[in-house]
Amino acid sequence: MKFNYGKNDFKSFKSGNEHCYLLTNGLGGFSSTTLINSLARNDHSLFMACTKAPNNRKNIISKVEEILRIDNKEVHLSSQEYVCYTKNIAGFHNIHSFSQEYLPKWTYFYDGVEIIKTIVYEQGKNTLGIKYSINNRNDKDVKLEVIPVFVFAKRGEILSSPHNYTIKNDTFIANDIELNIHSNYSSKELSTPTFINDYYFAYDAVDGRNAVGSGTTLVSYYFECNGKSQSEYQLIFTLENEGIKDIDTLISNEIDRQKKLINNAGFEDDLAKTLVRASDQFISHRDSTNAKTILAGYPWFEDWGRDTMFAVLGSCISTKRFDDAKDIFRTFIKHINKGLMPNLFPEGGIDPMYNTVDASLLYIYALYEYYLASNDLKFIKEEAFQPILDIINWYKHGTDFNIYMDDDYLINAGEGFHQVTWMDVRFNDILPTARHGKPVEVNAFWYNALKVASFFGTKLNFNVSEFDSLSHKVKKSFEEKFWNEEKKCLKDVVSGNNYDNQVRSNQIWAVMVPFSPLCNDKAKLVVDKVYQELYTPYGLRTLSKYDKEFVKEYGGSHFKRDMSYHQGTVWPFPLGGYFISYLKVNDYSVKAKEKVREQLEYFESCLREGCVGQIAEIYDGLNPNESRGCFAQAWSVSEILRVFYHLTI
């Protein structure tokens, strides 16, 4: 799917800042600014490198200022808002178009001069390249000046003073970082370091974050083009100690790589093909385990166990990246502790964090889906089955965070300030979405895990009588304890607290799982209830809009954001569970598939809003028309992509 934006999309800073692009390098590094080449967030960066994959991110170059010089005219192509708005640079008036299929491309036009700019980020390397193609159809000689804005700091860090830079030809050194710049420039000019400390980040201001940023300019590169001629230039930024690279080779290699991924996945729908490309951007190498992992979201999040086990379903299994899936499974298998999968891998020798009840159960779910897609029983037998047995044993007899099987055979989880489901926000001593007790999705995953263990055990000639007996008891308790006859849906938690009967999106996963503890009649009622009170075209509400605790908008201060995060805010990733559940309760009929495809068409437009070709983390609860939170989220992409896989069944 090719995305095209024209001048009508760049009418003002507000409209121009609404969209950004994203390139990643498979190491945790990324490139992302707005489509008008401005910085609207502190985390926007032209060249965000990663010196230890995937979390040690360094903002090397936040942006490049681009100025077209014709005679004595200075024509800005880049844009930026400043604290003092009178300094604002509105280069977006000269953007003719922006497009993206595989790589972001801008076309600028002024007085007969056309400039096409393409950006590429090399996979597996901290190397970013820009290609400028200048077509000068007037009689005047022109010169394009490009000024990198250096930051050389950790992601998110805002400098209060400039670094001391050491410059050796086209190598710039500061803060223990050595940047090499390769270019076929016409000329360059070193300047006195200029520290800029008044960039205005409009999107950070809306979210109550620090809205003022900084950077340093040191050098200008000039690309000349005589009248009635064409010229091509490259500007390559790299932390690698390698020879000079050719920009056209970098571009063709990256486009070929993306095409191979898309062709291997085998989807025919253009939206699905786009999501294959999008899902690839989250798959990263991890140095500490020397294996693949999945980053939860850009620009902030790292690799979390829960998110990874959800995202691997669409990003790797639905796309036939089976070797990557196994690599990811192995990463987490190595670190199982007391039956728990890591929730987070910190850097610097710190032990992983295990505060998640569902990651281990999702691992078992993902293994089942992996086997159905790959028929790889060898991996299950030799590496994956024993961890299943260990997880079930620990959950039965009890493990950390008050996770244990109660007398009714259901799983209890959470205590004190330890929130171990995905609705885990805590603000100081406030738990906005307390779910201590027996969460509905956790127990659906528990039942599913027992059935999967029996499925694999049967194939491996393992005695499965214990799993069969226990799963029967779990199913009986689940039906008795979770069904809310008054509301004709499932309780969110069984705990004896007031929040038990809230209508939340978590219940949809009790229908979605391959082995559901619900009969089909009740499953259909759950799907209907979710559609009635929680469905939106871009995701499911986390809480019914009719609930007195429902919050209709997300934003503002940290406190306000946390208070609304799971209190009605729309999340795209459970929408995948809804679509799969709808197909399931309607026996994957032709009519049901047509309805899902129709509703997926509504979803297409969200890939044009926010980050181009990506799906955001969240939207407002009442009227979800603008992306919030992370502008690109792994499980959002993965779960919608997985729907297309289910449409082929």
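Residues numbered from 1 in each chain as written. Predicted model: local features only at pLDDT ≥ 70, side-chain atom pairs only at ≥ 80, totals over all residues. Heavy atoms only, no water.

## Considering the domain arrangement of the protein chain
Then step 1. Here the domain parsing of the protein chain yields domain 1 (3-255) and domain 2 (266-648).
Then step 2. Put simply, the middle of domain 1 and the middle of domain 2, counted by C-alpha atoms, are 37 Å apart.
Then step 3. Counting residues at the interface gives 36 residues for domain 1 and 34 residues for domain 2.
Then step 4. Carbon and sulfur atoms make up 49% of the surface buried where domain 1 meets domain 2, a total of about 2,900 Å² over both sides.
Then step 5. When the buried area of domain 1 at its contact with domain 2 is split by residue, Phe3, Leu22 and Asn55 rank highest and sum to 20% of it.
Then step 6. Put simply, domain 1 and domain 2 have 0 salt bridges between them.
Then step 7. Inspection of the domain 1/domain 2 interface yields 17 residue pairs in polar contact (both at pLDDT 80 or more).
Then step 8. Elements supplying a minimum of two residues to the side of domain 1 that touches domain 2: β1 (3-6), β2 (19-20), β3 (23-24), β4 (30-32), β6 (56-70), β10 (95-100) and α2 (202-206).
Then step 9. Sort the elements by how many residues they give to the side of domain 1 that touches domain 2 and β1 lands first, with 3 residues.
Then step 10. Classifying every residue of the side of domain 1 that touches domain 2 gives 15 nonpolar, 11 polar and 10 charged. (Domains from an automatic or database assignment. Contact = heavy atoms within 4.5 Å. Buried area = accessible area lost by both parts, 1.4 Å probe. Salt bridge = Lys/Arg side-chain N within 4 Å of Asp/Glu carboxyl O. Polar contact = N/O pair within 3.5 Å; in protein donor to acceptor, adjacent residues only side chain to side chain. Helix = DSSP H or I, 4+ residues; strand = E, 2+ residues; numbered from the N terminus. Nonpolar A, V, L, I, M, F, W, Y, C, P; charged D, E, K, R; others polar.)

## Some points on the sheet that holds strand β15 (residues 166-168)
Then step 1. As summarised here, the arrangement of the 9 strands in space is β1-β10-β11-β12-β13-β20-β17-β16-β15, forming an open sheet in which the pairing is antiparallel. Two strands close off the open sheet at either side, each with one partner strand: β1 and β15. Each adjacent strand pair in this sheet contributes to an overall mean axis angle of 15°, direction not counted.
Then step 2. Across 5 bridges, the pairing between β10 and strand β11 (residues 104-110) is antiparallel. Across the sheet, the residue bridging to Ser99 is Lys105, located in β11. (Pairing = 2+ DSSP bridges. Axes fitted to C-alpha atoms, helices over the stretch in contact; angles between N-to-C directions.)

## Quick look at the side chain of Asn448
Then step 1. On the secondary structure map, Asn448 appears in helix α9 (residues 440-459).
Then step 2. Within polar-contact distance, the side chain of Asn448 engages the backbone nitrogen of Phe515 at 3.0 Å.

## Quick notes on helix α3 (residues 247-265)
Then step 1. Taking 1.5 Å of rise per residue, the 19 residues of α3 would be expected to cover 27 Å, and the 28 Å separating its terminal C-alpha atoms lies within 8% of that figure.
Then step 2. Residues Ile247, Leu250, Ile251, Glu254, Gln258, Leu261, Ile262 and Ala265 constitute the buried set of α3. Down the axis of α3, the sector holding all buried residues measures 100°, keeping them to one side. In α3, the exposed positions that point more than 90 degrees away from the buried face belong to Lys260 and Asn263.
Then step 3. The elements touched by buried residues of α3 are β12 (113-121), β13 (127-136), β20 (229-238) and α4 (270-280).
Then step 4. Just beyond α3, the residue with positive phi is Gly266, at close to 85°. (Expected span 1.5 Å × (residues − 1). Buried < 20%, exposed > 50% of the residue type's maximum accessible area, 1.4 Å probe, protein only. Arc of directions from axis to C-beta.)

## Structural notes on the pattern of salt bridges
Then step 1. In the structure shown here, the tally under the stated rule is 43 salt bridges.
Then step 2. Among the ionic pairs, Asp429 bridges to Arg426, the shortest N-O distance being 3.8 Å.
Then step 3. Using a relative accessible area of 59% as the deciding quantity, one classes Asp429 as exposed.
Then step 4. Residue classification places Arg426 among the partly exposed residues on the basis of a relative accessible area of 43%.
Then step 5. Linked by salt bridges that have partners in common, Glu254, Arg257, Asp280, Arg321 and Asp324 make up one network.

## Some remarks on the side chain of His163
Then step 1. Within the fold, His163 resides in the loop between β14 (142-154) and β15.
Then step 2. Residues contacting His163, with those up to four places away along its chain left out, are Val151, Phe152, Ala153, Ala174 and Asn175.

## Looking at the packing of helix α8 (residues 377-397) against α9
Then step 1. In the contact formed by α8 and α9, the axes pass within 10 Å of each other and the chain directions differ by 140°. In this view, α8 runs oblique relative to α9, as classed from their interaxial angle. α9 is crossed by α8, and the crossing has left-handed handedness. Of α9, the residues touching α8 (which contributes Leu377, Ile380, Phe385, Ile388, Ile392, Tyr395 and Lys396) are Trp446, Ala449, Leu450, Ala453, Phe456, Gly457 and Lys459. (Parallel < 35°, antiparallel > 145°, perpendicular 65-115°, else oblique. Left-handed = near helix turned anticlockwise from the far one by under 90°.)

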